[in-house]
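# Chains, contacts and geometry: an overview
Here is how the chains run, residue by residue.
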Amino acid sequence: MLEHYTTAIVLATEPRGEIDAAVTLYTKDFGKLTAKAKSIRKITSKLAGHLVPGNVVRVRLIEHGDGNGFQVLDALSEKPKANLGDLLRFLNFLNKVTPAALPDLSLWYEADHVLREGDFGVESYRRMLRDLGFLTDSPVCDDCGSKRVAYFLTGDVIFLCADSLRKLNISENDVVSI
Ligand SMILES: [Zn+2]
């Protein structure tokens, strides 16, 4: 059983059983991982107020050697500076584009900066996509080949121009502007 301290962005939480939850974290030191948070849905839980999607948290994790993965023991959070729409779009983006268990310090610092500064602009997304190796110097629309790329379709990892986004009838909720 190993104990780790790291900083993480809470990407999502999902109920597990009556009182527990599975928390998806993008951690500085281990990349994306899912950890169990025990009794988090009890009213007395000290973790509940911290393990909220969008929060940047200092966490203490236990890694079970028996294949049961991680468990969160303690968490201390900072609230993000963001409106809910920007925040949810960003968390969805980060959750979809990051591979599990692959730390990436440069991407982590960029994501941390976005949340701390509330900087959800085009340049932030471009930097993260470059970092991930998705965005090249001269991107083209994956639909029509246009060089006027304006959107990144998060779930499918494709780039689109404004015309193609309209033509394909894709919701602005599913893309980030780049
Ligand atoms: Zn196009």
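Overview of the structure. (Residues numbered from 1 in each chain as written. Predicted model: local features only at pLDDT ≥ 70, side-chain atom pairs only at ≥ 80, totals over all residues. Heavy atoms only, no water.)

## Remarks on the coordination of the zinc ion
Every protein donor of the zinc ion is accounted for by Cys-141 (SG), Cys-144 (SG), Cys-161 (SG) and Ser-164 (OG), and the metal-donor separations fall at 2.2 to 2.3 Å. Between the four donor atoms coordinating the zinc ion, the angles at the centre fall across 99 to 120°, so the site counts as tetrahedral. Counting residues between consecutive donors of the zinc ion along the chain gives the motif C-x2-C-x16-C-x2-S. The residues Cys-161 and Ser-164 share a single accessibility class, namely buried. (Donors = N, O, S within 2.8 Å, 3.2 Å for Na, K, Ca; no water. Tetrahedral: all angles 85-135°; square planar, octahedral: opposite > 155°, others 65-115°. Buried < 20%, exposed > 50% of the residue type's maximum accessible area, 1.4 Å probe, protein only.)

## Overview of the sheet that holds strand 7 (residues 158-161)
Pairing in this open sheet of three strands is antiparallel, and the strands run 7-6-8 from one edge to the other. Two strands close off the open sheet at either side, each with one partner strand: strand 7 and strand 8 (175-177). Strand after strand, the sheet turns through a mean of 35° between neighbouring axes, direction not considered. Sheet strands touched by helix 3 (residues 122-131): strand 6 (149-153), strand 7 and strand 8. Its angle to strand 8, the strand with the most contacts, is close to 115°. (Pairing = 2+ DSSP bridges. Helix = DSSP H or I, 4+ residues; strand = E, 2+ residues; numbered from the N terminus. Axes fitted to C-alpha atoms, helices over the stretch in contact; angles between N-to-C directions. Contact = heavy atoms within 4.5 Å.)

## A short note on the packing of helix 1 (residues 84-97) against helix 2 (residues 105-117)
A pair of packed helices is characterised by two quantities: the angle between their axes and the separation of those axes. For the pair helix 1 and helix 2, the least separation of the axes is 12 Å and the interaxial angle reads 170°. By the angle between their axes, helix 1 is roughly antiparallel relative to helix 2. Seen from helix 1, the contacting residues are Leu-87, Phe-90 and Leu-94; seen from helix 2, they are Ala-111, Val-114 and Leu-115. Looking at the contact of helix 1 with helix 2, its residues break down into six nonpolar, no polar and no charged. (Parallel < 35°, antiparallel > 145°, perpendicular 65-115°, else oblique. Nonpolar A, V, L, I, M, F, W, Y, C, P; charged D, E, K, R; others polar.)

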